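Analysis of the macromolecular model
Letter by letter, the chains look like this.
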Amino acid sequence: MSSPSETPETPETPEAPVPSPTAAPASHAHPRFAEALAELGLQVEVRRFPDATRTAAEAAAAVGCALSEIVKSLVFTADGVPVLVLMDGSSRVDVELVRRELGAQKVARANADLVRETTGYAIGGVPPFGHATRTRVLADRRLLDHPVVWAAAGTPHTVFPLDPKTLIAHAGATVADVREPAK
């Protein structure tokens, strides 16, 4: 579902060819995210897919990469204050490790309204930077295991690649070990 600031999709007709992923300038990303890219002087390839890339699995399948090469941008609250956690797509956030890292009493997953209020984006399209508010950011160390990672570009149909060190730097993130241990 498109928000008012997103470009509505053109419905396909039976005669129309099936759209393929398209490489587009950053201006085809969510407007707030495109503005953030411009302000940072970043030129990235934003890919738009006809099918949603809301989940890490959907994004990895669309891009054709490993699940661990997808960056999930997840909002939590630490003692009631929003915090963004950047996690690889194959892992889950360990809220106890986040709590300890932040020195908080309580950490919980944010609801959809708080995610949109904090970031300016809906769940499934939250990028790692370019948010409506300044938020503390933690990036799980495992993101650094890859030369390139893929993250949402502000919509549930767009992603972009970037080396993880640059992504973490532009997100203003602190690198930490906050993923659940493998079972």
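Below: a short report on this structure. (Residues numbered from 1 in each chain as written. Predicted model: local features only at pLDDT ≥ 70, side-chain atom pairs only at ≥ 80, totals over all residues. Heavy atoms only, no water.)

When helices and strands are tallied, the protein chain shows 5 helices and 9 strands. For the protein chain, the succession of helices and strands along the chain, N to C, is β-α-β-α-β-β-α-β-α-β-β-β-α-β. The burial tally for the protein chain puts 47% of its 183 residues in the buried class. Counted over contacts in the protein chain with a minimum sequence separation of 6, partners at least 24 positions apart contribute 64%. Of the roughly 9600 Å² that the protein chain leaves accessible, carbon and sulfur atoms contribute 52%. (Helix = DSSP H or I, 4+ residues; strand = E, 2+ residues; numbered from the N terminus. Buried < 20%, exposed > 50% of the residue type's maximum accessible area, 1.4 Å probe, protein only. Contact = heavy atoms within 4.5 Å. Areas by Shrake-Rupley, 256 points an atom, 1.4 Å probe, with all protein chains shown as cover.)

Turning to the packing of aromatic side chains, a few remarks are in order. Two measures describe an aromatic ring pair: the distance that separates the ring centres and the angle between the ring planes. Counted according to the given criterion, the structure contains 3 aromatic pairs. With centroids separated by 5.4 Å and ring planes inclined at 40 degrees, the aromatic side chains of Phe33 and Phe129 adopt a geometry described as tilted. Linking Phe33 in helix H1 (residues 31-40) with Phe129 in the loop between helix H4 (112-119) and strand S6 (136-140), this pair joins segments that are 96 residues apart in sequence. One exposure class covers both Phe33 and Phe129, and it is buried. Ring geometry for Phe129 against Phe160: centres 6.1 Å apart, planes inclined by 70 degrees, an arrangement best described as edge-to-face. Remark: Phe160 occurs in strand S8 (residues 158-162) and Phe129 occurs in the loop between H4 and S6; sequence separation between them is 31 residues. Accessibility assignment for this pair places Phe129 and Phe160 in one class, buried. Through a chain of ring-to-ring contacts, three or more aromatic side chains come together here, namely Phe33, Phe129 and Phe160. The positively charged end of Arg32 is found above the aromatic ring belonging to Tyr121, 5.8 Å away from the centroid. (Phe/Tyr/Trp six-rings, centres within 6.5 Å; stacked < 30°, edge-to-face > 60°. Lys NZ or Arg CZ within 6 Å of the ring centre and 35° of its normal.)

To continue, consider the environment of Asp163. Checked against the element boundaries, Asp163 lands in the loop between S8 and helix H5 (164-171). A residue is classified by how much of its surface remains accessible, and Asp163, at 30% relative accessible area, is partly exposed. Each C-alpha atom, one on Asp163 and one on Pro147, is 5.6 Å from the other, the two residues being 16 residues apart in sequence. Aside from chain neighbours lying at most four places away, what touches Asp163 is Pro147 and Val148. A polar contact is formed between the side chain of Asp163 and the backbone nitrogen of Lys165, at a distance of 3.3 Å. Within the structure, Asp163 has its side chain in polar contact with the side chain of Thr166 (distance 2.6 Å). (Polar contact = N/O pair within 3.5 Å; in protein donor to acceptor, adjacent residues only side chain to side chain.)

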